[in-house]
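# Analysis of the macromolecular model
Listed below are the residues making up each chain.
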Amino acid sequence: MYTQGLDVQKGDVSIPLEQGDSELERRFQAKIDADEKIEPKDWMPEGYRKTLVRQISQHAHSEVVGMLPEGNWITRAPSLRRKAALLAKIQDEAGHGLYLYSACETLNVSRQELVDQLLEGKAKYSSIFNYPSTTWADIGAIGWLVDGAAIMNQVPLQRCSYGPYSRAMIRICKEESFHQRQGYEIMLTLARGTAAQKRMAQDALNRWWWPSLMMFGPNDKDSPHSAQSMRWKIKRVSNDELRQKFVDVTVPQADFLGLTMPDPALRWNAGSGHYDFGEIDWEEFKQVLQGNGPCNRERMRDRNRAHERGRWVREAALAHAEKRRARAAAQTTAVAAE
Amino acid sequence: MSERDWPLWEVFIRAKAGLAHKHAGSLHAADAQMALENARDVYTRRGEGVSLWVVPSTAITASDPEDKEAFFEPTGDKIYRHPTFYEIPEDVKNI
């Protein structure tokens, strides 16, 4: 998912995951087991804090980088209605990034550190945003599939044990459903349009389907951090379970569009009551996470450039605030002297 | 690389007249005016409020969760502060 990078860092010893047995830790786990929320100033194990910082910041970075593939189409949206919707959606993503950075900052890490980690390439964001958006239909496919997958992951996260993260997820989920619907509407319009438009929709589906499935992260058996995250209720549902749910929901939606999922192994399994689907190309997943996807370099370049170009604005705002403070102070002194 | 962060502000929203302002989240802004405008842009994009407060986070004094038990303890055994403490026969009409 937006935080899938967390799952693949095998042998990462920077996050202490072993469960201690001190009185504090026992009480902490008892609170979690009783479905109580943890709030910023409560005692928490270092591993819990670090896992959250990494997960929430990856999630925030994903929202921010996620604006880039969509921003690519703002000026070329086919109508004013589509353009207004796309702009509103991208604004939402910026807002979601902000909610998440704020939640993360309650864990004693500064915004500056988090932003630096992203810009210096030390932090991960979702693999999905390293794929190009080459046609207008991609905007439809992103809304339908990428936001659809995000919703599927984020709904259970509303019950996350960490209060600020859970509250951010509640806000985000409320706003996110329009994203998915506007995407599906774009797909539906194209699928019912001319033969060329339908081909464009099918082509977008072909390119976005597998990367969307990768959003849920590695298979459960290859997801070393999952068990502890589940125990801490930072993660509520496993990668494979969520992925299966996503497939089960989206396959009938594709049927309705008259489009075909690019997976010859995909078929309904009456025995299990789920769709069976083919093997994901995990090598591609690994490559994209390691920085070798089609757009990794471009995304990092664009983020760095935008941050650099905004520097004077950030500095000017501080200088302006400082000037006004000084002026107000001088006035107060003058009044006091009279 | 590093530069100075804008100060942190806590955002409170009144959803409609008659309700209290409720904490919605936080944001960074250079000054109070900018904090208000940014709060409007990120926290009330869908008509969530009719009034906004922004407060510098550093201006908030909070109780310490470590002392939670001791701090709130005095109220724990004062059950006579609740109406259910008093026994009134069932056939007496409520006010």
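As a reminder, the structure under discussion sits directly above these lines.
Summary of the structure given here. (Residues numbered from 1 in each chain as written. Chains lettered and ligands numbered in written order. Predicted model: local features only at pLDDT ≥ 70, side-chain atom pairs only at ≥ 80, totals over all residues. Heavy atoms only, no water.)

## What to know about the packing of helix α7 (residues 163-191) of chain A against helix α8 (residues 195-214) of chain A
All names here are of chain A. Under the convention used in this document: To get an axis, fit a line to the C-alpha atoms, keeping to the stretch in contact for a helix; angles then go from 0 to 180 degrees between the N-to-C directions. Helix and strand definitions follow DSSP, with helices as H or I runs of at least four residues and strands as E runs of at least two, each counted in order from the N terminus. Here the word oblique covers every angle except those under 35 degrees (roughly parallel), over 145 (roughly antiparallel) and from 65 to 115 (roughly perpendicular). When checking whether two residues touch, look at their non-hydrogen atoms; a contact exists if any pair is within 4.5 Å. The residue classification treats Ala, Val, Leu, Ile, Met, Phe, Trp, Tyr, Cys and Pro as nonpolar and Asp, Glu, Lys and Arg as charged. All others, Gly included, are polar.
At a closest axis distance of 7 Å, the pairing of α7 and α8 adopts a crossing angle of 140°. Taken together, the axis directions place α7 and α8 in an arrangement best described as oblique. Of the residues in α8, those touching α7 at Met-187, Leu-190 and Ala-191 are Gln-197, Lys-198 and Ala-201. Of the residues contributing to the contact of α7 with α8, the split by class is four nonpolar, one polar and one charged.

## Here's the deal with the interface of chain B and chain A
Which entries qualify depends on this criterion: Buried area: the sum, over both parts, of the accessible surface (1.4 Å probe) that disappears when the two are put together. For this document, the term salt bridge refers to a Lys or Arg side-chain nitrogen within 4 Å of an Asp or Glu carboxyl oxygen. For the purposes of these results, a polar contact is taken to be a pair of N or O atoms within 3.5 Å, where, inside protein, one atom must be able to donate a hydrogen and its partner to accept one; residues adjacent in sequence count only when each atom of the pair is a side-chain atom.
Between chain B and chain A, the contact holds 23 residues from the first and 29 residues from the second. Roughly 2,300 Å² of surface becomes buried between chain B and chain A when both sides are summed, with 47% attributable to carbon and sulfur atoms. Applying the counting criterion to the chain B and chain A interface returns five salt bridges. For the salt bridge of Glu175(A) with Arg45(B), the shortest nitrogen-to-oxygen distance reads 2.8 Å. Seen at the junction of chain B and chain A, the total is 10 residue pairs in polar contact (both at pLDDT 80 or more). Those elements that place two or more of their residues in the side of chain B that touches chain A are β2 (22-28) and α1 (32-43) of chain B.

## A few points about the packing of aromatic side chains
Stated precisely, the cut-off is as follows: Paired rings are identified among Phe, Tyr and Trp, the last through its six-membered ring, by centres lying within 6.5 Å, and are further divided according to the angle between planes into stacked (under 30 degrees), edge-to-face (over 60) and tilted (the rest). Relative accessibility under 20% of the residue-type maximum defines a buried residue, over 50% an exposed one, and the middle range a partly exposed one, all with a 1.4 Å probe and only protein chains included. Geometrically, a charge over a ring is one whose NZ (Lys) or CZ (Arg) sits within 6 Å of the ring centre while staying within 35 degrees of the ring normal.
By the definition in use, this model includes 15 aromatic pairs over all chains. Centre to centre, the rings of Phe71(B) and Phe72(B) are 5.0 Å apart; their planes meet at 90°, and the pair counts as edge-to-face. Using a relative accessible area of 46% as the deciding quantity, one classes Phe72(B) as partly exposed. Judged by centre distance (6.2 Å) and plane angle (70°), the ring pair of Tyr80(B) and Phe85(B) falls under edge-to-face. Ring pairing ties together the aromatic residues Phe28(A), Trp43(A), Tyr48(A) and Trp232(A), which thus form one cluster. Here the basic side chain of Arg76(A) rests over the ring of Trp73(A), its NZ or CZ set 4.0 Å away from the ring centre.

## Describing the sheet that holds strand β3 (residues 51-56) of chain B
Residues and elements named next belong to chain B. Test applied: Pairing between two strands is assigned when DSSP locates at least 2 bridges connecting them.
If you walk across this open sheet you meet the three strands as β2-β1-β3, and the pairing is antiparallel. In this open sheet, the two edge strands, each paired with only one partner strand, are β2 and β3. Averaged over all pairs of adjacent strands, the angle between their axes in this sheet comes to 30°, without regard to strand direction. The sheet contact formed by strand β1 (residues 8-14) and β3 spans six bridges and is antiparallel. Across the sheet, the residue bridging to Ile-13 is Leu-52, located in β3.

None of the figures reported here should be taken as evidence of function without further support.
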